[in-house]
Amino acid sequence: KKEVLSRLHFSPVPVFALGNWIPSVFYYWGGTPRLTQAVFTSEGWNIPVVIKRLDARYDWLMTRWGQRSYELIDAGDGCDPVPSVAGAVAWVSEVNCSFFTKVQTMAKSNASGVLVYALPGNPIQDMNCVGDECNSTLSIPAAMVHQEVSVAQALQFGQLVYVTFQSTPSPNFIFGIDQQGALAEMGGFLYPSFSFINWQAQWFDFYADLQARLQSPAKVVSVFDKVQMQGEKGAVATVNLPSGLLDFDMLELDASLSCPGKRDSSCAHWDHTVQLFICCDPLGPYCNTELGRWITAFRRGIGHWLTDVSPLLPLLDSNKCTLTMKTVPWAMLWIVSLNLRFSVSNQTGNGEEKLHPFRVMSLYSGGTFDKNYNKRFQPIKFPVPASTKKVELYAVITAHGSDENNCGEFCVTSHHFLFNAVFNNTLIFDSAGSPLGCTLRVIEGAVPNEHGTWLYGRGGWCDGLQVNPWRIDITKQV
């Protein structure tokens, strides 16, 4: 897109030759980038031949190259079986059949791996499966390289050629500048693609919009200001609420998760659920009810979100409340910040009366997703106060765990709420398991370019994103 391309700037010279502050930034931020290479040797060569390689997509071929020397055997185009490649790495051209067919055929020929070479003048391609091919498991590694003349000639003349695979540390080579003019890390690129740059640009746009939203009028109550969250206790604070809460009909959670250091490398390594619990009246029915939920990112500390939890205003039933923000006790340290934002919505119009949430009724709580999941939820009867003018179904659902089919976060699930045996309200997590499902939510605040499998769609959540409550007006159903 032009709006993205206009924001990209390239340098055609090596990092060390830039001669300004940029090399210092790259070397300081270095460590994560690595140059993947294939190293060829043959009798009579004075020095090895080292060329760059692009491994097949990590989510297609899971097997990695071993730390040993392989014999290299020319297998033509790799589209037909070649018994002589058994135990060796097959050297095949890019033409005549798909990458999948080449790898599958060489695997059936008992090859230890496949090197696909691009014809002269052609670029190296991103090797991936297509459509139904992805349903077949292949157990050997593969990579693409440029055709190296000395390698091709040696094989043509019957010389023995051996190949090893290495990853060479490299200084960083890319950084961003956000809308505020600050230098920003770009995260991890799981494979070579400009999509990762585009996703970071989308996040910059999201963050600029978030900053604008945070300038809107609101009564702000600070709960945590860069407080450590770790262990059984998590982060705990007791705050005084503003007077006149009935004047507000909106409650938003302004939350952020950052890391102990300034670099992403200091961030926690895994994705975990973060929950915010509130207790205002220790003897009341709402004490220690969940107020908000987020999912941590894989080793990135830029997460910042604004979540509307207005229907839960009745949980704040005292002038002093204790809030606890926590994740699993074994998770690495996170630094949390949280503000409660009270404001007045723009819901009035066409003469409609302004409504204010006054009661929360708990219907169901979750549990481990397994074969007994549905059995936990039996029909419930609940009264609707006579003064009620609007009834909302409010649910926070994220799929975790596993059932007898090894199905959890990556499986499509549907969640049904049936009122009075007539009105069915259904929430379907139809992007679960999709290859790029969570990349579509970067514009909503999902942290991009995490150092893990953040791209896949999941059941009601994404790494580095708030969990949005599901709200349905059911007034006419009850």
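In what follows, the accompanying structure is described. Note that the structure is a prediction, hence the values are computed from the model and not measured. (Residues numbered from 1 in each chain as written. Predicted model: local features only at pLDDT ≥ 70, side-chain atom pairs only at ≥ 80, totals over all residues. Heavy atoms only, no water.)

**Quick notes on the overall build of the protein**
Consideration 1: For the protein, the count of helices and strands is five helices and 22 strands.
Consideration 2: By residue count, 45% of the 478 residues in the protein fall in the buried class.
Consideration 3: For the protein, contacts bridging at least 24 residues in sequence account for 74% of all contacts bridging at least 6.
Consideration 4: Only carbon and sulfur atoms are counted for the fraction: they give 53% of the accessible area of the protein, which is about 25,000 Å². (Helix = DSSP H or I, 4+ residues; strand = E, 2+ residues; numbered from the N terminus. Buried < 20%, exposed > 50% of the residue type's maximum accessible area, 1.4 Å probe, protein only. Contact = heavy atoms within 4.5 Å. Areas by Shrake-Rupley, 256 points an atom, 1.4 Å probe, with all protein chains shown as cover.)

**Focus: the nonpolar core**
Consideration 1: Within the largest apolar cluster, 44 residues are counted, with the highest numbers of intra-cluster contacts made by L291, L316 and F342.
Consideration 2: Every element with two or more residues in this core is listed here: β10 (219-229), β11 (235-240), β12 (250-258), β13 (273-279), β14 (289-295), β16 (320-326) and β17 (334-343).
Consideration 3: Per-element tally for this core: the top contributor is β17, with five residues.
Consideration 4: Listed in part, the 24 residues of the second largest apolar core include A56, W60, A75 and V116. (Core = buried A, V, L, I, M, F, W, Y, C linked by side-chain atoms within 4.5 Å.)

**As for the state of the cysteines**
One covalent bond between the sulfur atoms of two cysteine residues makes up a disulfide.
Consideration 1: Here the structure, examined in full by the defined rule, presents six disulfides.
Consideration 2: Covalent S-S linkage joins C279 and C287, the inter-sulfur distance amounting to 2.0 Å. Across the disulfide from C279 to C287, rotation about the S-S bond amounts to roughly -95°, and the bridge is consequently left-handed.
Consideration 3: Between C280 and C321 runs a disulfide, and the two sulfur atoms are separated by 1.9 Å. Here the disulfide of C280 and C321 is right-handed, its torsion about the S-S bond being about 105°. One end of the pair, C280, is in the loop between β13 and β14; the other, C321, is in strand β16, with 41 residues separating them in the sequence. Grouping residues by exposure puts C280 and C321 together as buried. (Disulfide = S-S within 2.5 Å.)

**Remarks on the side chain of Q466**
Consideration 1: Mapped onto the elements of the fold, Q466 is located in strand β21 (residues 465-466).
Consideration 2: A polar contact of 3.1 Å, which involves the side chain of Q466, links it to the side chain of N468.
Consideration 3: Residues contacting Q466, with those up to four places away along its chain left out, are R293, W294, W305, T307 and E444. (Polar contact = N/O pair within 3.5 Å; in protein donor to acceptor, adjacent residues only side chain to side chain.)

**A closer look at helix α5 (residues 195-213)**
Consideration 1: Taking 1.5 Å of rise per residue, the 19 residues of α5 would be expected to cover 27 Å, and the 27 Å separating its terminal C-alpha atoms lies within 8% of that figure.
Consideration 2: The complete set of buried residues in α5 reads F196, I197, W199, Q200, A201, W203, F204, F206 and L210.
Consideration 3: Residues of α5 that are buried in the fold lie against β8 (176-177), β9 (183-184) and β15 (303-308). (Expected span 1.5 Å × (residues − 1).)

**Examining the sheet that holds β15**
Consideration 1: On the basis of which strands lie adjacent, the open sheet formed by four strands has the order β10-β17-β12-β15 and antiparallel pairing. Both edges of this open sheet fall to β10 and β15, since each of them pairs with a single strand only. Sheet twist, expressed as the mean angle between neighbouring strand axes with direction ignored, is 15°.
Consideration 2: Inspection of the sheet shows β10 paired to β17 by eight bridges, in the antiparallel sense. Of the residues in β17, the one forming a bridge with Q228 is I335.
Consideration 3: Contacts from α5 reach β12, β15 and β17 within the one sheet, and its direction differs from that of β15 by about 50°. (Pairing = 2+ DSSP bridges. Axes fitted to C-alpha atoms, helices over the stretch in contact; angles between N-to-C directions.)

**Here we look at unusual backbone geometry**
Consideration 1: If you check the backbone angles, N96 has positive phi at about 80° while not being a glycine.
Consideration 2: The topology assignment puts N96 in the loop between β4 (89-93) and α3 (99-108).
Consideration 3: In this structure N96 comes out as exposed when scored by relative accessible area, which is 65%.

**Notes on the packing of aromatic side chains**
Consideration 1: A complete count under the given rule lists 21 aromatic pairs for this structure.
Consideration 2: Taking 5.9 Å as the distance between ring centres and 65° as the angle between the ring planes, the aromatic pair formed by Y70 and F165 counts as edge-to-face. Highlighted residues: Y70 in strand β3 (residues 70-74) and F165 in strand β7 (residues 161-169), separated in sequence by 95 residues. Across the pair, exposure class does not vary: Y70 and F165 are buried alike.
Consideration 3: Connected via pairs of aromatic rings, a cluster forms that spans F189, F196, W199 and W454. (Phe/Tyr/Trp six-rings, centres within 6.5 Å; stacked < 30°, edge-to-face > 60°.)

**Focus on the side chain of D271**
Consideration 1: Tracing the chain through its elements places D271 in the loop between β12 and β13.
Consideration 2: Despite its burial, D271 pairs with no opposite charge; the closest candidate is R458, at 4.3 Å N-O.
Consideration 3: Dropping the residues within four chain positions of it, D271 is found in contact with I295, T296, F298, R458, W461 and D463. (Lys, Arg positive; Asp, Glu negative; His and termini not counted. Salt bridge = Lys/Arg side-chain N within 4 Å of Asp/Glu carboxyl O.)

**Regarding the sheet that holds β13**
Consideration 1: Strand order in the open sheet formed by five strands is β11-β16-β13-β14-β21, and the pairing between neighbours is antiparallel. Of all the strands in the sheet, just β11 and β21 have a single pairing partner and so form its edges.
Consideration 2: As paired strands, β14 and β21 are joined by two bridges and run antiparallel to one another. Its bridge partner being in β21, I295 is matched across the sheet by L465.

Structural measurements only, silent on function.
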